[in-house]
Each structure stands twice: as structure tokens, then as C-alpha cells.
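# Breakdown of the fold
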Amino acid sequence: MTRYKEIAREVEASGAVLVAVSKMHPYDAVLEAYSDGARIFGENRVQELESKFPHPGERPEGMLVYLIGQLQRNKVRKAVELADRIESVDSLPLIEKIEKEAAAIGRRIDVLIEVNSGGEEQKAGFRSEEEAIAAASFIIASCPHMRLRGLMTVGPLGFDDDKNRRAFSYAKGVFERMKGLSDDIDVLSMGMSSDWKTALEYGSTEVRIGTAIFGERS
Ligand SMILES: *Cc1c(COP(=O)(O)O)cnc(C)c1O
């Protein structure tokens, strides 16, 4: 038994989607969550996604896997083959590479632009609203093999509630502006085990939860 069901009930009550972040947990745990109702899983490394999950087409009915971790350029081909969505698009060179690899295999892949909403140096993501909007416009105008679905952010490290709220409010503002660019944009992915309830208050449409569902990672 995972804690998927009780968390999903609360997430879905506010109209959001729950991504079960299975990184560093075995495929058995994925199947347990699947039997508890989970369909969307999050992995942060391409290599782990590849070795853990069956190939697309051989997965259990309805199972989707989203890539949520920083993507190295030499892993883009695999990511485009294996992931149902890439949520961690954080630079223009990466966008160009994803477009090229998706075109090469004749696929249009869903993506989210990652925004650094807490202003932390070490964190991935576009660093300003202007850069994020420019990247979004570039995907929409020039990347026919990508479908931009919205924005992803990782809240600030630590448990400072004020900082979290500032970051989520900022991300919500960028998301609202981004929505004006395309009708395909409907995903604001923010909120993890420690801050998902706060993220939902700020209009998150998708929370990514690992520890609270599966327990601590080893
Ligand atoms: C690991 C991870 C999560 C889930 O974190 P938990 O604190 O275990 O819920 C969510 N988003 C990203 C990008 C992650 O890397």
C-alpha cells in the first residue's frame, strides 16, 4: 500500500492532477501505486526511466511517465523516445535539441518550461519572466515537434512558508501571461511533498509528489 489514494483524493478535489514521483523507488513500488490508482509517474533521470519502466507501448494500460529532472543534451534522444512529457525545459539550446530529436523520430512531444521561481543560484530553470516568455514564444513559433503545455517550478529549498508563497505567486503570474500565447497551455506544475497544499492555493494544476506517497528515498 502506498499513500497515493488519500493524497489523490485531496489533490483531485481541487481540480489538480497528481504525478507520483517514483525516482529511486523500484518498479514494484510503481506497480503498487498503479494498483492504488496512480497513472502518471515522474522520474528525474533518463537512465533510470529507461531501466525501470517498460518501453512505451508495453506499459500497463494508461501508464504515463514524465521526465521532471534536468536533462543533459546527450540524453535528449532517449528522453524524446521514452518520456510522455518533458517538464524540465530550461534553456534555448535544450529546446533546439529537443525539437531536432523529436523531428528525427517524427514525434510531437509535450513540454513544460521550467522557471526558477525562488531566485536560487543552484536551481535549474529560466531566471526571469522575460526569458521564460521568450522561450515559450520560440517553442510556439519555431518548434513544430514540441507542444508547449505550460510551466513547471520547484519551490524554494527549506520550509520557509513566506518564500514558498512568493515563489508560487510569481510562477502563477508567469503562467497567466504564458497562457495568452497559446490555447494548448493549461499546466502549472508546482508543489511537492512538503509544499503541495500551499501550491494548490496558488492555482497549481499539477503536483509532483514522491516522499509522501512512497516514503523516504534510500
Ligand atoms: C524529487 C522531485 C519531486 C518530488 O519530491 P518529494 O519531496 O519527494 O515529493 C518533485 N519534483 C521534482 C522536480 C523532483 O526532482
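Everything discussed here concerns the structure shown above.
What this report covers is the structure whose coordinates are included nearby. Sequence order as written defines the numbering, with residues in each chain counted from 1. Given that the model is predicted, a residue must reach a pLDDT of at least 70 before its local features are reported, and side-chain atom pairs must reach 80 or more before they are shown or counted; all residues, however, enter totals for whole chains, interfaces and linings. Heavy atoms from the whole structure form the basis of all side-chain values; hydrogens and water molecules are not counted.

## Some remarks on the overall build of the chain
Along the backbone of the chain there are 9 helices and 8 strands. Expressed as a percentage of the 218 residues in the chain, the buried residues total 51%. Contacts are assigned to residue pairs that have any heavy atoms within 4.5 Å of one another. Within the chain, contacts between residues separated by at least 24 positions form 63% of all contacts whose residues are at least 6 apart in sequence. Counting from the N terminus, the helices are the DSSP runs of H or I reaching at least four residues and the strands are the DSSP runs of E reaching at least two. With a 1.4 Å probe rolled over the protein chains alone, any residue whose accessible area is under 20% of its type maximum counts as buried; one over 50% counts as exposed, and the rest are partly exposed.

## Concerning the pattern of salt bridges
For this document, the term salt bridge refers to a Lys or Arg side-chain nitrogen within 4 Å of an Asp or Glu carboxyl oxygen. In total, this model carries 21 salt bridges according to the counting rule given. Each member of the salt-bridge network shares a partner with another, and the members are Asp110, Arg147, Arg149 and Asp186.

## Here's the deal with the site of the ligand
Any residue with a non-hydrogen atom lying within 4 Å of a molecule or strand is treated as near it. The environment of the ligand is formed by Val21, Lys23, Ile68, Val154, Met192, Ser193, Arg208, Ile209, Gly210, Thr211 and Arg217. Here Lys23 contributes a side-chain N or O atom positioned 2.7 Å from an oxygen atom of the ligand. Pairs of N or O atoms within 3.5 Å make up the polar contacts considered here, provided that, within protein, one atom can donate a hydrogen while the other can accept it, and that residues adjacent in sequence are counted only when both atoms are side-chain atoms. The separation between an oxygen atom of the ligand and a polar main-chain atom of Gly210 is 2.8 Å. Classifying every residue of the shell around the ligand gives 5 nonpolar, 3 polar and 3 charged. Three residue categories are used. Nonpolar comprises Ala, Val, Leu, Ile, Met, Phe, Trp, Tyr, Cys and Pro, charged comprises Asp, Glu, Lys and Arg, and polar comprises the others, including Gly.

## Looking at the packing of helix H6 (residues 129-142) against helix H7 (residues 161-179)
Angles run from 0 to 180 degrees between N-to-C directions of axes, and those axes are lines fitted to C-alpha atoms, restricted for helices to the stretch in contact. Interaxial distance between H6 and H7 falls to 10 Å at its minimum, and their mutual angle equals 35°. The crossing of H6 and H7 is right-handed. Residues Glu129, Glu130, Ala132, Ile133 and Ala136 of H6 lie in contact with H7, whose contacting residues are Tyr170, Val174, Arg177 and Met178. Here a crossing is called left-handed whenever its near helix is offset anticlockwise from the far helix by less than a right angle, and right-handed whenever the offset is clockwise.

## Some thoughts on helix H2 (residues 27-35)
Structurally, the α-helix is built with 3.6 residues per turn, so residues lying three or four positions apart point the same way. All of the buried residues along H2 are Ala29, Val30, Ala33 and Tyr34. The buried residues of H2 occupy an angular sector of 145° when the element is viewed end-on, so they sit on one face. Opposite the buried face of H2, by more than 90 degrees, sit the exposed residues Asp28 and Ser35. Elements in contact with the buried residues of H2: strand S2 (40-43), helix H3 (46-52) and helix H9 (211-214). Comment: arc refers to directions from the helix axis out to C-beta atoms.

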